[in-house]
Amino acid sequence: MQTTKVKQGQTFFDTVIETTGDITNAFDMAMANNISITDTLINQMDLVVSGVEKTTITQLFKVAKPASMDKESYSIYDYIFPQVLPIIL
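Thresholds applied
Every chain begins its residue count from 1, and numbering advances along the sequence as written. Since the coordinates come from a predicted model, pLDDT governs what is reported: local features require at least 70, and pairs of side-chain atoms require 80 or more to be given and counted, while whole-chain, interface and lining totals use all residues. As a rule here, side-chain values cover all heavy atoms of the structure and leave hydrogens and water aside. For every residue, the accessible area (1.4 Å probe, protein chains only) is compared with the maximum for its type, and the residue is labelled buried under 20%, exposed over 50%, or partly exposed between those bounds. Helix and strand definitions here come from DSSP, where helices need a minimum of 4 consecutive H or I residues and strands a minimum of 2 consecutive E residues; each element is numbered from the N-terminal end. For this quantity, the arc is that covered by the directions from the helix axis to the C-beta atoms. Residues adjacent in sequence count toward polar contacts only when both atoms are side-chain atoms; beyond that, a polar contact is any pair of N or O atoms within 3.5 Å, and within protein one must be able to donate a hydrogen and the other to accept it. Whether two residues touch is decided by their heavy atoms; if any such pair falls within 4.5 Å, the residues are in contact. What counts as a ring pair is set by centres within 6.5 Å for rings of Phe, Tyr and Trp (its six-membered ring), and what kind of pair is set by the plane angle: stacked under 30 degrees, edge-to-face over 60, tilted for all other angles. Whenever a carboxyl oxygen of Asp or Glu lies within 4 Å of a side-chain nitrogen of Lys or Arg, that contact is scored as a salt bridge.

*Asks:* I'm lost on helix H2 (residues 26–33) in this one. Help?
*Replies:* Along H2, the positions that sit buried rather than exposed are Ala26, Met29, Ala30 and Asn33. In an axial view of H2, the angular spread of the buried residues amounts to 100°, which keeps them on one side of the axis. H2 presents Phe27 and Met31 as exposed residues on the side facing more than 90 degrees away from its buried surface.

If you want it as structure tokens, here you go:
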């Protein structure tokens, strides 16, 4: 039985896509975890992964970034504004 930890700011659908690679597994995962697909997830909550995994999709999240950026790895304050702001007429 594979489990995953929810990251800060992730929705249930973000977690399903990140762990299985297919949104159609949402109902299987919801039933396996005894939750609703619209429930609010808690940071570091354990979820049981269920459904058919599409490894070509899940490998992208393991290499690049999670389906939802967590606040620890990205902050809006890290954005650098360009020297000249565009002027809208």
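*Asks:* Sorry if this is basic, but what is going on with the side chain of Thr19 here?
*Replies:* Position of Thr19 among the secondary structure elements: in helix H1 (residues 12–20). One polar contact links the side chain of Thr19 to the main-chain carbonyl oxygen of Thr15, over a distance of 2.7 Å. Sequence-distant contacts of Thr19, that is, excluding residues within four places in its chain, are made with Thr4, Met29, Val49, Glu53 and Thr58.

*Asks:* Sorry, what's going on with the packing of aromatic side chains here?
*Replies:* The geometry of an aromatic ring pair is captured by two quantities: the separation of the ring centres and the angle between the planes. For the structure on display, the rule yields one aromatic pair. On the basis of an interplanar angle of 65° and a centroid distance of 6.2 Å, the ring pair of Phe12 and Phe13 is categorised as edge-to-face. The class for Phe12 is buried, based on a relative accessible area of 1%. For Phe13, a relative accessible area of 34% gives the class partly exposed.

*Asks:* What's the story with the pattern of salt bridges in this structure? I'm lost.
*Replies:* Charged atoms that come close allow side chains of opposite charge to pair. Scanning all chains against the criterion turns up three salt bridges. Across the salt bridge formed by Lys5 and Asp46, the nearest N and O atoms sit 3.0 Å from each other. Taken together, the residues Lys5 in strand S1 (residues 3–5) and Asp46 in strand S2 (residues 46–48) connect sequence positions 41 residues apart. Exposure remark for Asp46: the relative accessible area of 47% places this residue in the partly exposed category. The salt bridge involving Glu18 is made with Lys7; its shortest N-O contact spans 2.8 Å. You can see Glu18 sitting in helix H1 and its partner Lys7 sitting in the loop between S1 and H1, a full eleven residues away along the chain. In this structure Glu18 comes out as buried when scored by relative accessible area, which is 14%.

*Asks:* Looking at this structure, I do not really get the environment of Thr11. What am I missing?
*Replies:* Residue position: Thr11 is located in the loop between S1 and H1. Thr11 sits 30 residues away from Leu41 along the chain, and the two C-alpha atoms are 6.5 Å apart.

Interpretation note: all reported values are geometric properties and have no functional meaning in isolation.
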